[in-house]
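Here is how the chains run, residue by residue.
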Amino acid sequence: MTVTFEVRDGVGTIQLDRPPMNALDVAIQDRLRELAEEATRREDVRAVILYGGEKVFAAGADIKEMQAMDHTAMVLRSKDLQDAFTAVARIPKPVVAAVTGYALGGGCELALCADFRIAADNAKLGQPEILLGLIPGAGGTQRLARLIGPSRAKDLIFTGRMVRAEEALTLGLVDRVVPAAEVYDRAHAWAAQLAKGPALALRAAKESIDAGLETDIDTGLTIERNWFSGLFATEDRERGMRSFVEEGPGKATFL
């Protein structure tokens, strides 16, 4: 199995398992899409971790596999590639990437699909596709620019250079840098905390932010307003407000 999926305490871990570098071949891409769809469906999964193991997140696409493809083959494959990563990005639950070692090319693009990125102090990230005479094809030109801004994204994509964890933190490419041995535990703690929260409100927050970033402010406000008012029909809203009135803030428990 090239990708595994385990659930503990409401947190589902999608782990790449293709030693030594977790090269993202077609089989892994298709499996990522399947597991993203499973994580979306399963009610016992309330948050998700993307993980490559202790040594490496993912060093990029399987170059030997790609080299064998001609233009026609990639025209047919490229949408499936993007769809796999988009399925991960659209998991309607909190998603955190636990990044160790290399996260390059497709590996960096996979990390970009998460809501939050915790990186090891030995992590190296980048989009080196330009060095192959290519550009990122799994969302990197779009998600990276939206995350860190167009000029910084162009610097990384135009040069193909790798950045170490501390520079990635400065750029906003990752959100936290921790010792390598603590990466997964920190990611699980973040995800487990959110897994105890109101599932529908978290989904509403994620979809409002993500959809709003892709449109104009007025449409974004409409999306927010519809989700906000819709949550008044949920049991979680009743629980949260009742707990606030009776016990004070931050003490509500959600099913």
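Bear in mind that the values here come from a model prediction, so they are computed numbers and not experimental data.

Asker: Even after reading the chapter, I still don't get the overall build of the chain, so can you show me in this structure?
Answerer: Scanning the chain from terminus to terminus reveals 11 helices and 9 strands. Computed over C-alpha atoms, the radius of gyration of the chain comes to 19 Å, within 12% of the 18 Å expected from 2.2 N^0.38 for 255 residues, which places it in the range of a compact globule. Overall size of the chain, expressed as C-alpha extent along the three principal axes, is 60 × 40 × 35 Å. Every one of the 255 residues in the chain was classed for burial, and the buried ones make up 44%. Long-range contacts, defined as pairs at least 24 residues apart, comprise 68% of the intrachain contacts of the chain with a sequence gap of at least 6. Summed over its atoms, the accessible surface of the chain is roughly 13400 Å², and 55% of this surface lies on carbon and sulfur atoms. The averaged location of the 37 negative side-chain charges in the chain is 2 Å from the averaged location of its 31 positive side-chain charges.

Asker: Whenever I open this one, the pattern of salt bridges confuses me. Can you help?
Answerer: Any two side chains of opposite charge can pair, so long as their charged atoms come close to each other. Here the structure, examined in full by the defined rule, presents 16 salt bridges. Two residues, R77 and D80, come together in a salt bridge whose shortest N-O distance is 3.8 Å. Taken as a pair, R77 and D80 lie in helix α3 (residues 71-89) at a separation of 3 residues, close to a single helical turn. When its relative accessible area of 12% is taken as the criterion, R77 is described as buried. The salt bridge involving D115 is made with K206; its shortest N-O contact spans 2.9 Å. A residue pair is termed long-range when its members are at least 10 positions apart, and D115 in the loop between α4 (106-112) and β6 (116-120) and K206 in helix α9 (residues 199-213) qualify at 91 residues. Overall, the relative accessible area of 32% leaves D115 in the partly exposed class. Residues joined in a network through salt bridges with shared partners are D30, R33, R77 and D80.

Asker: Mind showing me how you'd approach the environment of A89 here?
Answerer: Mapping A89 onto the fold places it in helix α3. We classify A89 as buried; its relative accessible area is 14%. Once you skip the residues sitting within four places of it in the chain, A89 turns out to touch C113, R143, K206 and D210.

Asker: Help me out: how do you make sense of the sheet that holds strand β9 (residues 176-178) in this one?
Answerer: Sheets are built from strands paired through backbone hydrogen bonds, the pairs being either parallel or antiparallel. Within the open sheet, the 6 strands sit side by side as β1-β2-β3-β4-β6-β9. Their pairing is mixed. The open sheet terminates on both sides in strands that have one partner only, identified here as β1 (3-8) and β9. Between one strand and the next, the sheet's axes are offset by a mean angle of 20°, whatever the strand orientation. Two strands pair when backbone bridges link them, and β1 and strand β2 (residues 11-16) are joined in this way by 6 bridges, in the antiparallel orientation. Note that in β2 the partner of V3 across the bridge is L16. Set on the sheet, helix α1 (residues 26-41) makes contact with β1, β2 and β3 (47-51); between it and β1 the angle comes to about 20°.

Asker: Mind showing me how you'd approach the nonpolar core here?
Answerer: Looking at soluble globular proteins, one finds that nonpolar side chains tend to be buried together. Counting residues in each nonpolar core, the largest one holds 47 residues, and the members touching the most others are L50, F57, L125 and L173. If one sorts the elements of this core by residue count, α3 sits on top with 6 residues. Residues contacting L125, with those up to four places away along its chain left out, are A103, L104, C108, R161, M162, V163, A168, L173 and V174.

The rules behind each value
- Residues numbered from 1 in each chain as written.
- Predicted model: local features only at pLDDT ≥ 70, side-chain atom pairs only at ≥ 80, totals over all residues.
- Heavy atoms only, no water.
- Helix = DSSP H or I, 4+ residues; strand = E, 2+ residues; numbered from the N terminus.
- Rg over C-alpha atoms; globule rule 2.2 N^0.38 Å.
- Buried < 20%, exposed > 50% of the residue type's maximum accessible area, 1.4 Å probe, protein only.
- Contact = heavy atoms within 4.5 Å.
- Areas by Shrake-Rupley, 256 points an atom, 1.4 Å probe, with all protein chains shown as cover.
- Lys, Arg positive; Asp, Glu negative; His and termini not counted.
- Charge placed at Lys NZ, Arg CZ, Asp CG, Glu CD.
- Salt bridge = Lys/Arg side-chain N within 4 Å of Asp/Glu carboxyl O.
- Pairing = 2+ DSSP bridges.
- Axes fitted to C-alpha atoms, helices over the stretch in contact; angles between N-to-C directions.
- Core = buried A, V, L, I, M, F, W, Y, C linked by side-chain atoms within 4.5 Å.

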